[in-house]
Amino acid sequence: MLPETVPCLKALAPLFGKKLLLRSLKQLSTHGGGLSRLQAGRHFGVSCCLAAKKDKQPRKPREKVVIPGLEMITYAERMHYVPGLAKPVFPHWERDYHDPFHYKPPPKIEMPLYSEKVCYMITQRTNMLEGVRQAAWLTKSKVISGLPPALLSLAEMPENQIPDQDDRVQNLIRHARFWDTVEERPKKVIYSKTLLQNLLHVCGTQRATHPALGRRVFVEGYTLGVSWKRGDDLFQIRGRNGLLHCSMDPLPPVCGEQEVADTSDHVLETFYPISPSIDLLQVNVYKEMNCTGFIGDAPYPHAHTLYFLETAPKQTRLHPEQFRAKMFMFTFGNALARAYKLYGTSPQKVLDRPITVQSVGTNGRIFQFLVFQLNTTDLSGDDGIKNQVWLDGEVDLYQFAKVRPLIKKKQVKVAAGLTGYKPESFRKFLALYMHGAAHLP
């Protein structure tokens, strides 16, 4: 046996097994002609799981031949199936009444809202590949890491704090994770919603000392629709977003006129060669709409804060970066729809009064905070004044909430109960809630 064949056979051991290779080596050592046969063929038997299967090509439909005067005998007159007779072909039956359960839409080209120009749709289930960077380009925004310091100082003021604040918040977490269910491990869909409602309730207790909180209301299930042009492309945000906290009074601007003017020097980040419209739904049947979701003169027209929950199934759940991008786009959509309502759809160089909308997202443990300030509605080009976004993501309210302790190698790694509570995370939640009701320092 040649010495150079031994390392080749040993390299194939993980694929074909040691028994088969040992048998081949024994045959090569005992039979002189075995090596020549192996070199000529070099075929090894493999199992069916390793064998490559050929792709089955779809069968071609059989061509129907129609010969005049030689029709097939069918069982149409018999009114039932008869072996040996052909299947009858009946003409298409049209209903003379409207049945919504059997409605067949016309072709897209024949629809009245059909347009040759494609519109890119953004909905709740849109998974943006580039995340926040892509959302910043679509909205012509400057992203700033962290929340504004003046806004965070609201939660540090003694008059804005809640009595026994940290103890009450920890009890609210225990209520959502332990006391609100009889299951050993509650589902994230349940405890995340319970925790958000509990936090909003405890923040609402400040209404006695801050009467402006009584001029707000929560709205859920409203439909948002807003369109804008970015370059030569048309974009539209449409659908239902999360729980909306709307107010009678608009939120004050976060930064002054000088900081807004300085945004003109900011250069938008590009992600060439990836298209900015990647992963966006392309439709030809659409209507350019600008609707805030409220009809007529609503008493609470100004959007204050949007609350999002990660309650989607595991198959369609967004990653944290894409989840923040969804918050980004819907917060921008509410601000832009309100700007169109106040100033019209004609492009404005700079708004007389910037529109501020906030957003909070959570999965029951991790919170995402976002503040958006709309400075201009002229989004066609990359020059001029930019919009501003303050983003603070991946903020843990607590580390663990275990019903049973986590034990590994007979050692308690994580104790049962609530551990790792972070009071600064709730202060950010409280600051966004008190924004507009308490005076900024």
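- As recorded in an unreviewed UniProt entry, the protein chain goes by Large ribosomal subunit protein mL37 and comes from Austrofundulus limnaeus.
- UniProt, in the comment section headed Subcellular location (unreviewed entry), describes the protein chain in these words: "Mitochondrion".
- Quoted straight from UniProt, the Sequence similarities (unreviewed entry) entry for the protein chain says "Belongs to the mitochondrion-specific ribosomal protein mL37 family."

1. A short note on unusual backbone geometry
Piece 1. The linkage connecting Tyr 272 with the following residue, Pro 273, adopts the cis geometry, with an omega of 10°.
Piece 2. In this structure, Pro 273 sits in the loop between α9 (257-262) and β7 (281-285).
Piece 3. Even without a glycine there, the phi angle at Asp 279 is positive, about 65°.
Piece 4. With respect to the secondary-structure elements, Asp 279 resides in the loop between α9 and β7.
Piece 5. The backbone phi angle of Lys 409 is positive, close to 55°, even though this residue is not glycine.
Piece 6. Examined against the element boundaries, Lys 409 turns out to sit in the loop between β14 (406-408) and β15 (411-414).
Piece 7. In this structure Lys 409 comes out as exposed when scored by relative accessible area, which is 81%.

2. Notes on the nonpolar core
Piece 1. Core analysis: the largest hydrophobic core is formed by 46 residues, its most contacted members being Trp 228, Ile 237, Met 329, Phe 332 and Leu 374.
Piece 2. Here this core takes twelve residues from helix α10 (residues 320-343), the largest share from any one element.
Piece 3. Each residue touching Met 329, except ones within four places of it in the same chain, is listed here: Ile 122, Met 128, Ala 135, Leu 138, Thr 139, Trp 228 and Ile 237.
Piece 4. Judged by nonpolar contacts, the second largest core, of 45 residues, contains Leu 147, Phe 178, Leu 243 and Cys 255.

3. Thoughts on the pairing of strand β6 (residues 243-247)
Piece 1. Buried residues dominate β6, accounting for five of its five residues.
Piece 2. Judged by which residues are buried, β6 turns out to be covered on both faces: Leu 243, His 245 and Ser 247 on one side and Leu 244 and Cys 246 on the other are all buried.
Piece 3. In terms of strand pairing, strand β3 (residues 216-219) meets β6 through four bridges, oriented antiparallel. Paired with Arg 216 across the two strands is Ser 247, which belongs to β6.
Piece 4. Where β6 meets strand β9 (residues 302-309), five bridges bridge the pair, whose relative direction is antiparallel. Among the inter-strand pairings, His 245 is bridged to a residue of β9, identified as Thr 305.

4. Focus on the pattern of salt bridges
Piece 1. Here the structure, examined in full by the defined rule, presents nine salt bridges.
Piece 2. Ionic pairing is found between Asp 249 and Arg 215, a salt bridge with its closest N-O pair at 2.8 Å. Here Arg 215 lies in the loop between α8 (188-203) and β3 and Asp 249 lies in the loop between β6 and α9, a separation of 34 residues in the sequence.
Piece 3. A residue is classified by how much of its surface remains accessible, and Asp 249, at 34% relative accessible area, is partly exposed.
Piece 4. We note a salt bridge from Asp 396 to Lys 422, for which the minimum N-O separation is 4.0 Å. A residue pair is termed long-range when its members are at least 10 positions apart, and Asp 396 in strand β12 (residues 387-396) and Lys 422 in the loop between β16 (417-419) and α11 (423-434) qualify at 26 residues.
Piece 5. Sharing partners across several salt bridges, the network here consists of Glu 130, Arg 133 and Glu 269.

5. Some points on the packing of aromatic side chains
Piece 1. If you walk through the whole model with that rule in mind, you get twelve aromatic pairs.
Piece 2. Ring geometry for Trp 228 and Phe 235: centres 5.8 Å apart, planes at 25°, overall stacked.
Piece 3. Owing to a relative accessible area of 3%, Trp 228 belongs among the buried residues under this scheme.
Piece 4. An angle of 45° between the planes, with centres 6.1 Å apart, marks the rings of Tyr 307 and Phe 429 as tilted. Remark: Phe 429 occurs in helix α11 and Tyr 307 occurs in strand β9; sequence separation between them is 122 residues. Accessibility classification places Tyr 307 together with Phe 429 in one group, the buried group.
Piece 5. Taken together, Tyr 120, Trp 228, Phe 235, Phe 328, Phe 332 and Phe 372 form an aromatic cluster joined through their ring pairs.
Piece 6. A cation over a ring is seen here: Arg 230 above Trp 137, with NZ or CZ 4.2 Å from the ring centre.

6. Describing the confidence of the model for the protein chain
Detailed reading of predicted coordinates is not advised where the pLDDT is low.
Piece 1. Across the protein chain, pLDDT averages 88, with 87% of residues at or above 70.
Piece 2. Considering only residues more than four positions removed or in separate chains, one finds that residues 32-41, a stretch of pLDDT under 50, has eight contacts.

7. Some remarks on the packing of helix α5 (residues 132-139) against α10
Piece 1. Look at α5 against α10: their axes get within 8 Å of each other, and the N-to-C directions meet at 20°. By the criterion of interaxial angle, the relationship of α5 to α10 is roughly parallel. For the pair α5 and α10, the sense of crossing is right-handed. Judged by residue contacts, Val 132, Arg 133, Ala 135, Ala 136, Leu 138 and Thr 139 of α5 engage Glu 321, Arg 324, Ala 325, Phe 328, Met 329 and Phe 332 from α10.

8. Details of the sheet that holds β9
Piece 1. Pairing is mixed in the open sheet, where seven strands are placed in the order β2-β12-β11-β10-β9-β6-β3. Bordering the open sheet on either side are β2 (141-145) and β3, each of which pairs with just one other strand. The mean inter-strand angle of the sheet, taken between neighbouring strand axes irrespective of direction, is 20°.
Piece 2. Most of the contacts of α5 go to β2, to which it runs at about 140°, and overall it touches β2 and β12.
Piece 3. In this fold α11 packs onto β3, β6, β9, β10 (355-362), β11 (366-374) and β12, with an angle of close to 35° to the strand it touches most, β11.

9. Thoughts on the environment of Thr 139
Piece 1. When you line up the elements, Thr 139 lands in helix α5.
Piece 2. A residue is classified by how much of its surface remains accessible, and Thr 139, at 0% relative accessible area, is buried.
Piece 3. Between the C-alpha atom of Thr 139 and that of Ser 380, which follows or precedes it by 241 residues, the distance is 9.7 Å.
Piece 4. Apart from the residues lying within four places of it in its own chain, the contact partners of Thr 139 are Phe 328, Met 329, Phe 332, Leu 379 and Asn 387.
Piece 5. Within polar-contact distance, the side chain of Thr 139 engages the side chain of Ser 141 at 2.7 Å.

Reading the values: the criteria
Residues numbered from 1 in each chain as written. Predicted model: local features only at pLDDT ≥ 70, side-chain atom pairs only at ≥ 80, totals over all residues. Heavy atoms only, no water. UniProt positions renumbered as here; feature names shortened; annotations may be inferred. Helix = DSSP H or I, 4+ residues; strand = E, 2+ residues; numbered from the N terminus. Buried < 20%, exposed > 50% of the residue type's maximum accessible area, 1.4 Å probe, protein only. Core = buried A, V, L, I, M, F, W, Y, C linked by side-chain atoms within 4.5 Å. Contact = heavy atoms within 4.5 Å. Pairing = 2+ DSSP bridges. Salt bridge = Lys/Arg side-chain N within 4 Å of Asp/Glu carboxyl O. Phe/Tyr/Trp six-rings, centres within 6.5 Å; stacked < 30°, edge-to-face > 60°. Lys NZ or Arg CZ within 6 Å of the ring centre and 35° of its normal. pLDDT = per-residue confidence, 0-100. Axes fitted to C-alpha atoms, helices over the stretch in contact; angles between N-to-C directions. Parallel < 35°, antiparallel > 145°, perpendicular 65-115°, else oblique. Left-handed = near helix turned anticlockwise from the far one by under 90°. Polar contact = N/O pair within 3.5 Å; in protein donor to acceptor, adjacent residues only side chain to side chain.

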